[in-house]
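Reading the structure
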Amino acid sequence: MKNNANRIQPELTQQRGVFTISLDFELYWGFVGERSVKQYTENLLGVYSAIPAILKTFNEYNIHATWATVGFLFFDTFESLLKSTPSRIPKYIDSELSPYKYIASALHTNEDELIHFAPSLIKTVSSSANQEIGSHTFSHYYCLEKGQDLAAFKADLVAAMSIAKKNKLKITSLVFPRNQYNPEYLSVCKELGVVAFRGNESFWIYKAVDNNNNSLIRRAFRLADTYINISGQNTYSQTVLSRKFPFNIPSSRFLRPYSKRLKYLEPYKLRRIKSGLTYAAKSRQIYHLWWHPHNFGSNLDKNLHFLKKVLNHYSILNKTHGMESLNMSELSDRLFIERSRNVYPRH
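Before going into details, it helps to say that this report is about the structure given with it. (Residues numbered from 1 in each chain as written. Predicted model: local features only at pLDDT ≥ 70, side-chain atom pairs only at ≥ 80, totals over all residues. Heavy atoms only, no water.)

1. Examining the overall build of the protein chain
The line we're drawing: Runs of H or I in DSSP of at least four residues are treated as helices and runs of E of at least two as strands, each being numbered from the N terminus. To get the radius of gyration, use the C-alpha atoms; to get the globule rule, take the number of residues to the power 0.38 and multiply by 2.2 Å. Only protein chains enter the accessibility calculation, which uses a 1.4 Å probe; a residue is then buried when its area is under 20% of its type maximum, exposed when over 50%, and partly exposed in between. The criterion used for residue contact is that any of the two residues' heavy atoms lie within 4.5 Å. To be clear on the numbers: accessible area is Shrake-Rupley with a 1.4 Å probe, and residue cover counts the displayed protein chains and nothing else. Asp and Glu are treated as the negative residues and Lys and Arg as the positive ones, with His and the ends of the chain left uncounted. Just so you know, the charge point we use is NZ for Lys, CZ for Arg, CG for Asp and CD for Glu.
The helix and strand tally for the protein chain stands at eleven helices and nine strands. Here the protein chain has a C-alpha radius of gyration of 19 Å; the compact-globule value for 347 residues is 20 Å, and the two agree. Taken along its principal axes, the extent of the C-alpha atoms in the protein chain is 60 × 50 × 40 Å. In the protein chain, which comprises 347 residues, the share counted as buried stands at 56%. Taking all contacts inside the protein chain whose residues are at least 6 apart in sequence as the whole, residues at least 24 apart take part in 81%. Per element, the accessible surface of the protein chain, about 15700 Å² overall, is 52% carbon and sulfur. Across the protein chain, the centroid of the 45 positively charged side chains sits 7 Å from that of the 28 negatively charged ones.

Structure, rendered in structure tokens:
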């Protein structure tokens, strides 16, 4: 497989607005210790329809995206996965969060491998134009949970890089699972070749916390922020982001999936995203939209219909303001150029 992240030529041209999309590709590994398999089977199996449909839509609108993929997904059985388990694994105080404890039980319960492994889907994504395979760590590693440590994180990320390399992919972009961004771990990221990661919005409701501190009031405010402007536009200057390395390319907005209960609020959700995109295009900044493929696993038609409205608005901004679609790797190339401008200014 080939990592299809097109490289940007170092043209020192005037900045343009950038639309970045990242998807957290994790299947059931994102729910271990939180939901049972039965509670989310429809969405997880729906990924096998959602990903080809999303890729087709991206191709229609010439969208470049990063698919932050859990390393476990590269395998095809629990047995083959166990053979590649790192020598050091996280020892979460809340042991229910450990995927390794879950694997031990799954081996004896005949769990559906389709919702745990997806090598064919990874190949489909990586062979699609303008799509980058990034990392969502090897085991959906939680960087802020009590009991884990830097050494275990490094072992996990080494394993993620290794399985990607075996599949002829080079990983340079990272998304921290559950957005548990830990700045103390960036030295390891840099050491292992991570060039960029997706950080969090600066507003307090998006501050990186462990599961115990992800309070109901924070979640309620984040839900409200989907429809009304509470946290601001959350767009970012390329010049500012280029100053620190690895590059932090923070989230602007989570694309919340269609909900029948909240369907009357869909126009407000769309207006919120379109407003941020417009602001980024006019101010030549970055707008970073993200979601999970399993979010489209149910209500696929409604979610795709909404996505197309977003992408149609981007298409208009592309024509009127020159806004570009870049995946995280391509945007990193652009930030390297901006960084060189600042360090070695042209006279």
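2. Things to note about the layout of surface pockets
Note the following rule: For cavity detection a 1 Å grid was placed over the protein atoms alone, and a set of points counts as a cavity when a 1.4 Å probe fits there but cannot get out; an open set counts as a pocket when protein lies on both sides within 12 Å along at least five of seven lines, with lining residues being those that have an atom within 4 Å of a point. Grid points are joined across faces, edges and corners, and a volume is the space filled by probe spheres set on the points. Note that Gly is not counted as nonpolar here; it falls among the polar residues with everything else outside the nonpolar set of Ala, Val, Leu, Ile, Met, Phe, Trp, Tyr, Cys and Pro and the charged set of Asp, Glu, Lys and Arg.
Of the pockets and cavities examined, the largest pocket occupies roughly 1400 Å³. In this structure, the largest pocket is lined by 45 residues; those nearest its centre are Arg 219, Arg 222, Phe 254, Arg 256 and His 292. For the lining of the largest pocket, the elements supplying multiple residues, two or more each, are α1 (37-61), α7 (216-225) and β7 (253-254). The element best represented in the lining of the largest pocket is α7, accounting for four residues. By residue class, the composition of the lining of the largest pocket is twelve nonpolar, 18 polar and 15 charged.

3. A word on the pattern of salt bridges
For clarity, the threshold we go by: We define a salt bridge as a side-chain nitrogen of Lys or Arg found within 4 Å of a carboxyl oxygen belonging to Asp or Glu.
Applying the stated criterion across every chain yields a total of twelve salt bridges. Note that Asp 225 and Arg 253 form a salt bridge whose closest N and O atoms lie 3.3 Å from each other. Of the two residues, Asp 225 is situated in helix α7 and Arg 253 in strand β7; the sequence distance between them amounts to 28 residues. Note on accessibility: Asp 225 and Arg 253 belong to one class, buried. For Glu 324, the salt bridge goes to Arg 334, with nearest N and O atoms at 2.8 Å. Taken as a pair, Glu 324 in strand β9 (residues 324-325) and Arg 334 in helix α11 (residues 328-343) lie far apart in primary sequence, ten residues in all. Comparing Glu 324 with Arg 334 shows no difference in burial state: the two are buried.

4. Description of the environment of Ile 115
Here Ile 115 lies in the loop between α3 (99-106) and α4 (119-126). When its relative accessible area of 1% is taken as the criterion, Ile 115 is described as buried. Counting along the chain gives 122 residues from Ile 115 to Ser 237, while the straight-line C-alpha distance between them is 38 Å. Among residues more than four places away in sequence, those in contact with Ile 115 are Leu 27, Tyr 28, Val 37, Leu 44 and Leu 45.

5. Digging into empty space enclosed by the protein
Taken as a whole, this structure holds one cavity of 30 Å³ or more when the rule is applied. In this structure, the largest cavity spans a volume of roughly 30 Å³. Every residue along the wall of the largest cavity is listed here: Thr 69, Gly 71, Phe 74, Ile 133, Gly 134, Ser 135, Ala 160, Ala 164 and Ile 171. When contributions to the lining of the largest cavity are tallied by element, the ones reaching two or more residues are β3 (131-135) and α5 (150-166). The element that contributes the greatest number of residues to the lining of the largest cavity is β3, accounting for three residues. Partitioned by chemical class, the residues of the lining of the largest cavity number five nonpolar, four polar and no charged.

6. Some thoughts on the packing of aromatic side chains
This is how it is decided: A pair of Phe, Tyr and Trp rings is counted when the ring centres sit within 6.5 Å of each other, with Trp represented by its six-membered ring. The angle between the planes then sorts it: under 30 degrees is stacked, over 60 is edge-to-face, the rest tilted. In this scheme, Lys NZ or Arg CZ marks a charge over a ring once it lies within 6 Å of the ring centre and within 35 degrees of the ring normal.
Taken as a whole and judged by the stated rule, the model has 29 aromatic pairs. On the basis of an interplanar angle of 50° and a centroid distance of 6.3 Å, the ring pair of Phe 19 and Tyr 287 is categorised as tilted. Of this pair, Phe 19 sits in strand β1 (residues 18-25) while Tyr 287 sits in strand β8 (residues 286-291), and the two are 268 residues apart along the sequence. Overall, Phe 19 belongs to the buried group, its relative accessible area being 0%. Taking relative accessible area as the criterion, Tyr 287 reaches 1% and is therefore assigned buried. Clustering of aromatic rings is evident, with ring pairs tying together Tyr 28, Trp 29, Phe 72, Phe 75, Phe 78, Tyr 100, Tyr 102, Phe 117 and Phe 138. In this structure, Lys 269 packs its charged tip against the face of Phe 306, placed 4.4 Å from the ring centre.

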